[in-house]
Amino acid sequence: MTTLTAKDKDTVKAFWAKVSGKAEDIGKQSLARMLAVYPQTKTYFAHWKDQSPDGAPARKHGITVMNGVADAVSKIDNLTAGLLELSELHAFTLRVDPANFKILAHNMLVVMAIMFPIEFTPEVHVAMDKFLASLALALAEKYR
Amino acid sequence: MVKFTEKERSTIRAIWEKVNIDEVGPDALARVLIVYPWTERYFGTFGDIFTASAVLNNDKVRAHGKVVLKALDEAVKNVDNIKKTYAYLSRLHYEVFHVDPDNFRLLADCITIAIACKVKSALDPQVQATWKKFLSAVVDAMNSQYY
């Protein structure tokens, strides 16, 4: 289901080159939308004093997450190996239900569509969707 | 039964007013076929829909995209009674077209993304939340006659 073809990888890398300058914005907005539109995701952040979508903890965390995505782009040829540590973190410490990776991915796609409406063609959309799905699989690798 | 506040109703209408059905419909349906290619199974009479460029140049895809968004217009107009408005469509998609209802969720996501490309920052997080609430009600209504 989520084998990235050479074309997929090229498309992802080319699109990422165009948008990486706005990575922090994308991260902040994706996380804000995830918290606002899918409030069940706030359950993972009960330890934040401020759980609002545009609060400081959410903005900081959006940047952290997007840095992870940027790193994954550079490791696109072997996500499982490249994301080993992150997978262990999500499996044993954070224990995030992997269904939420899909939710965050969807919000990243919405933000990319808003910020880059011309570049976010259907072809780029499918390549990014596949990439984020592969990323999610690699993150869930150590779960069980 | 999903209840919408007056503020939510006006948010939904405000976004919908910005949507050109003739543009967004074809874009949304094209994305469904390109991003989730198993959906091709439901459009056997559409000819070549097996590559992204074929989908984007296909007149039947374009026409059907408009049909789908016109139906969404009915939901916007009957936002307090979506289930009843869509009962017929749900039955049709179940008994005649045999569509796996998970695909309604995928279509809803593609509609949101197509609208995002069009209205851009007008779809802020709060508006996105309201729009999602509306589309979830539509997806539920489309599921309602599957039994």
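Residue positions are counted from 1 within each chain, in the order its sequence is given. Numbering of ligands from 1 and lettering of chains from A proceed in the order in which they are written. Confidence filtering applies because this is a predicted model: local features only for residues at pLDDT of at least 70, side-chain atom pairs given and counted only at 80 or more, and all residues used for totals across whole chains, interfaces and linings. No hydrogens and no water enter the side-chain calculation; it runs on all heavy atoms of the structure.

Draft legend 1. Inspection of the overall build of chain A at higher detail. A run of H or I in DSSP becomes a helix once it reaches four residues, and a run of E becomes a strand once it reaches two; helices and strands are each numbered from the N terminus. Along its length, chain A carries seven helices and zero strands. When the helices and strands of chain A are read in sequence order from the N terminus, they spell out α-α-α-α-α-α-α. Dimensions of chain A along its principal axes, counting C-alpha atoms only, are 45 × 35 × 20 Å. Burial status follows relative accessibility: with a 1.4 Å probe on protein chains alone, a residue under 20% of its type maximum counts as buried, one over 50% as exposed, and anything between as partly exposed. Within chain A, buried positions represent 47% of all 144 residues. A separation of at least 24 residues holds for 76% of the contacts in chain A among residues at least 6 apart in sequence. Per-residue and other accessible areas were derived by the Shrake-Rupley procedure at a 1.4 Å probe size, with only the shown protein chains allowed to occlude residues. As displayed, chain A offers around 7,200 Å² of accessible surface, 56% of which is attributable to carbon and sulfur atoms. Throughout, a contact is declared for two residues whenever any of their heavy atoms are within 4.5 Å.

Draft legend 2. A look at the interface of chain B and chain A. At the interface, 23 residues of chain B touch 19 residues of chain A. Once two parts are put together, the accessible area they lose, assessed with a 1.4 Å probe and summed over both, is termed the buried area. Taking both sides of the interface into account, the surface hidden between chain B and chain A amounts to around 1,900 Å²; carbon and sulfur atoms contribute 68%. Considering only the side of chain B, the residues that lose the most area to chain A are Arg31, Ile113 and Gln128 of chain B, jointly responsible for 27% of the buried surface there. Salt bridges are defined as contacts in which a side-chain nitrogen from Lys or Arg sits within 4 Å of a carboxyl oxygen from Asp or Glu. If you look at where chain B meets chain A, you find zero salt bridges.

Draft legend 3. Spatial organisation of the UniProt feature "domain: Globin" (unreviewed entry) in chain B. UniProt positions are given in the numbering used here, feature names are shortened, and annotations may be inferred rather than shown by experiment. Sites flagged by UniProt as "domain: Globin" (unreviewed entry) map to residues 3–147 of chain B. End-to-end, the C-alpha atoms of residues 3–147 of chain B are 24 Å apart, and along that stretch the chain is 70% helix and 0% strand.

Draft legend 4. View of the side chain of Ser90 of chain B. Residue and element names in this part refer to chain B. Assignment of secondary structure puts Ser90 in helix α5 (residues 82–95). When its relative accessible area of 0% is taken as the criterion, Ser90 is described as buried. Aside from chain neighbours lying at most four places away, what touches Ser90 is Ala141, Met142, Asn143, Ser144, Gln145 and Tyr146.

Draft legend 5. Highlighting the UniProt feature "domain: Globin" (unreviewed entry) in chain A. Residues annotated in UniProt with the feature "domain: Globin" (unreviewed entry) correspond here to residues 3–144 of chain A. Helix makes up 70% of residues 3–144 of chain A and strand 0%, and the two end C-alpha atoms of the span are 21 Å apart.

Draft legend 6. Structural view of helix α2 (residues 21–35) of chain B. Residues and elements named next belong to chain B. The length a helix should cover is 1.5 Å for every residue beyond the first. For α2, with 15 residues, the first-to-last C-alpha span of 20 Å sits near the 21 Å given by 1.5 Å per residue. For α2, a buried count of 12 out of 15 residues is recorded, marking the element as mostly surrounded by other parts of the structure. Taken residue by residue, α2 has Ile21, Val24, Gly25, Pro26, Ala28, Leu29, Ala30, Arg31, Val32, Leu33, Ile34 and Val35 as its buried positions. Backbone nitrogen of Asp22 and a side-chain oxygen of the N-cap are separated by 2.9 Å at the start of α2; the cap is Asn20. Throughout this description, a polar contact denotes any pair of N or O atoms lying within 3.5 Å of each other; where both atoms belong to protein, one of them has to be capable of donating a hydrogen while the other can accept it, and for residues adjacent in sequence the pair is counted only when both atoms sit in side chains.

Draft legend 7. Representation of the packing of α2 of chain B against helix α4 (residues 59–77) of chain B. All names here are of chain B. Relative to each other, α2 and α4 sit at 110 degrees, their axes nearing to 7 Å. The angle between α2 and α4 places the two elements in the roughly perpendicular class. For the crossing formed where α2 meets α4, the hand is right-handed. Contacts between α2 and α4 involve Ile21, Asp22, Val24, Gly25, Pro26, Leu29, Ala30 and Leu33 on the former and, on the latter, Val61, Arg62, His64, Gly65, Lys66, Leu69, Lys70 and Asp73. Lines are fitted to the C-alpha atoms to define the axes, a helix being fitted only along its stretch in contact, and any angle between axes, read from their N-to-C directions, falls within 0 to 180 degrees. For classification purposes, angles smaller than 35 degrees are called roughly parallel, those larger than 145 roughly antiparallel, those between 65 and 115 roughly perpendicular, and all remaining angles oblique. Left-handed describes a crossing whose near helix is turned anticlockwise from the far helix through less than a right angle; right-handed describes the clockwise counterpart.

Draft legend 8. Quick peek at the packing of helix α6 (residues 99–115) of chain A against helix α6 (residues 102–119) of chain B. Following both chains from N to C, one finds α6 of chain A and α6 of chain B inclined at 25 degrees, their axes separated by 7 Å at the closest point. In terms of their interaxial angle, α6 of chain A and α6 of chain B are classed as roughly parallel. Remark: the crossing between α6 of chain A and α6 of chain B carries right-handed chirality. Along its contact with α6 of chain A, which presents His106, Leu109, Val110, Ala113 and Ile114 of chain A, the element α6 of chain B presents Asp109, Thr112, Ile113, Ala116 and Cys117 of chain B. Under this grouping Gly is polar, as are all residues other than the nonpolar Ala, Val, Leu, Ile, Met, Phe, Trp, Tyr, Cys and Pro and the charged Asp, Glu, Lys and Arg. Within the contact of α6 of chain A with α6 of chain B, the residues separate by chemical class into seven nonpolar, two polar and one charged.

Draft legend 9. Geometry of a nonpolar patch on the surface. Residues and elements named next belong to chain A. On the surface, a nonpolar cluster with roughly 220 Å² of combined accessible area is contributed by Leu86, Leu89 and Leu94. Mapping Leu89 onto the fold places it in helix α5 (residues 84–94). The class of Leu89 is partly exposed, set by a relative accessible area of 36%. Patches in this entry comprise residues that are over 30% relatively accessible and not in a salt bridge; like charges within 9 Å are linked, as are nonpolar side chains (Val, Leu, Ile, Met, Phe, Trp, Tyr) within 5 Å.

Draft legend 10. Spotlight on the side chain of Thr39 of chain B. If you trace the backbone, Thr39 of chain B turns up in the loop between α2 and α3 (52–56). Excluding anything up to four places from it in sequence, Thr39 of chain B contacts Val32, Leu33 and Asn103 of chain B.

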